[in-house]
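Chain by chain, the residues:
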Amino acid sequence: EAGVAQSPRYKIIEKRQSVAFWCNPISGHATLYWYQQILGQGPKLLIQFQNNGVVDDSQLPKDRFSAERLKGVDSTLKIQPAKLEDSAVYLCASSLVRAGTGELFFGEGSRLTVL
Amino acid sequence: EDKVVQSPLSLVVHEGDTVTLNCSYEVTNFRSLLWYKQEKKAPTFLFMLTSSGIEKKSGRLSSILDKKELFSILNITATQTGDSAVYLCAVVGTSYGKLTFGQGTILTVHP
């Protein structure tokens, strides 16, 4: 079974530039999550989709971050304009059902460095 | 706001030692607690706990949940260098299944 795919694996940009990350979840998984993991910290939920609807984006900095999940499959996370504090690993995860009733499967992450 | 605190933040042991990692939480409408192991890449699932007092076990790893005292422990016996990783605890506390993570415990096992 293919896992959660993410790209790019690494990205270096300068502050005020924009960046986009892509995620392809495990086939059939209805729930998709984007987490931000800053070095030395646990992952922090940015946004959660159930199919193509948003169920939680309370911690997404909406002035600069946006995410979409077209057709309830792939998802993209965009940052525009980037700030130094956005340097982190962006993890995408998916689950067959809502978390709490089943495990999350994580992709390998996209490491962003903002200079 | 849901909160998860792990301790210790880091731990250094020698191969063969037994370690206990702690996770305490404050959450509204608790549904489950999950443990993940994170090496250099993505977190990988270890256990999901929903009921108090029932131990989950997988090889040298085991975990138990105490819903009255709001904590969980993860035990690793006869540690090996391959156990070196960050261990993450997370709780689910809302009907939509939002997972809140702790900051992790960095475990280093020396040969």
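Residues numbered from 1 in each chain as written. Chains lettered and ligands numbered in written order. Predicted model: local features only at pLDDT ≥ 70, side-chain atom pairs only at ≥ 80, totals over all residues. Heavy atoms only, no water.

(A) Here's a closer look at the overall build of chain B. Per the secondary structure count, chain B includes 0 helices and 11 strands. The C-alpha atoms of chain B give 13 Å as radius of gyration, which agrees with the globular expectation for 111 residues (13 Å, within 12%). Taking the principal axes of the C-alpha coordinates as reference, chain B spans close to 45 × 25 × 20 Å. Within chain B, buried positions represent 43% of all 111 residues. Taking as baseline every contact in chain B between residues at least 6 positions apart, the subset at least 24 positions apart corresponds to 55%. Accessible surface, chain B: about 5400 Å² in total, of which carbon and sulfur atoms supply 51%. With 11 positive and 10 negative side-chain charges, chain B shows a spacing of 6 Å between the two charge centroids. (Helix = DSSP H or I, 4+ residues; strand = E, 2+ residues; numbered from the N terminus. Rg over C-alpha atoms; globule rule 2.2 N^0.38 Å. Buried < 20%, exposed > 50% of the residue type's maximum accessible area, 1.4 Å probe, protein only. Contact = heavy atoms within 4.5 Å. Areas by Shrake-Rupley, 256 points an atom, 1.4 Å probe, with all protein chains shown as cover. Lys, Arg positive; Asp, Glu negative; His and termini not counted. Charge placed at Lys NZ, Arg CZ, Asp CG, Glu CD.)

(B) View of the sheet that holds strand S6 (residues 56-58) of chain B. Residue and element names in this part refer to chain B. In spatial order, the strands read S1-S3-S8-S7-S6; together these 5 strands make up an open sheet with antiparallel pairing. For this open sheet the edge positions go to strand S1 (3-7) and S6, each flanked by a neighbour on one side alone. For this sheet, the mean angle separating the axes of adjacent strands, direction not counted, is 15°. Relative to strand S3 (residues 19-26), S1 runs antiparallel, the two sharing 5 bridges. Among the inter-strand pairings, Ser 7 is bridged to a residue of S3, identified as Asn 22. (Pairing = 2+ DSSP bridges. Axes fitted to C-alpha atoms, helices over the stretch in contact; angles between N-to-C directions.)

(C) Quick peek at the sheet that holds strand S3 (residues 19-24) of chain A. Residue and element names in this part refer to chain A. Strand order in this open sheet of 4 strands is S1-S3-S8-S7, and the pairing throughout is antiparallel. Whereas interior strands pair on both sides, the edge strands pair on one side only; in this sheet they are strand S1 (5-7) and strand S7 (65-68). Put simply, the sheet's adjacent strands are angled 15° from each other on average, direction ignored. Here S7 runs beside strand S8 (residues 75-79); their pairing, made up of 4 bridges, is antiparallel. Bridge pairing in S8 links Phe 65 to Ile 79.

(D) A look at the packing of aromatic side chains. Summed over all chains, the structure comprises 10 aromatic pairs over all chains. Summarising the aromatic geometry, the rings of Phe 65 of chain A and Tyr 90 of chain A are spaced 6.4 Å apart at their centres and angled 40° between planes, so their arrangement reads as tilted. Highlighted residues: Phe 65 of chain A in strand S7 and Tyr 90 of chain A in strand S9 (residues 88-95), separated in sequence by 25 residues. Just as Phe 65 of chain A is buried, Tyr 90 of chain A falls in that class too. Within the aromatic cluster, the residues linked to one another by ring pairs are Tyr 33, Tyr 35 and Phe 106 of chain A together with Tyr 36, Phe 45 and Phe 101 of chain B. (Phe/Tyr/Trp six-rings, centres within 6.5 Å; stacked < 30°, edge-to-face > 60°.)

(E) Up close: the interface of chain B and chain A. The interface of chain B with chain A comprises 20 residues on the first partner and 24 residues on the second. Across the chain B to chain A interface the summed buried area is about 1800 Å²; carbon plus sulfur atoms make up 56%. Among the elements of the structure, strand S4 (32-38), strand S5 (43-49), strand S9 (85-92) and strand S10 (99-101) of chain B are those that each provide at least two residues to the side of chain B that touches chain A. Residue composition of the side of chain B that touches chain A, by class: 11 nonpolar, 6 polar and 3 charged. (Buried area = accessible area lost by both parts, 1.4 Å probe. Nonpolar A, V, L, I, M, F, W, Y, C, P; charged D, E, K, R; others polar.)

(F) Geometry of the side chain of Gln 37 of chain A. Note that Gln 37 of chain A resides in strand S4 (residues 31-37). Judged by its relative accessible area of 10%, Gln 37 of chain A is buried. Polar contacts involving the side chain of Gln 37 of chain A include one to the side chain of Gln 38 of chain B, which spans 2.9 Å. Once residues within four sequence positions are removed from consideration, Gln 37 of chain A is found in contact with Gly 42, Pro 43, Ala 88, Val 89 and Leu 91 of chain A together with Gln 38 and Leu 88 of chain B. (Polar contact = N/O pair within 3.5 Å; in protein donor to acceptor, adjacent residues only side chain to side chain.)

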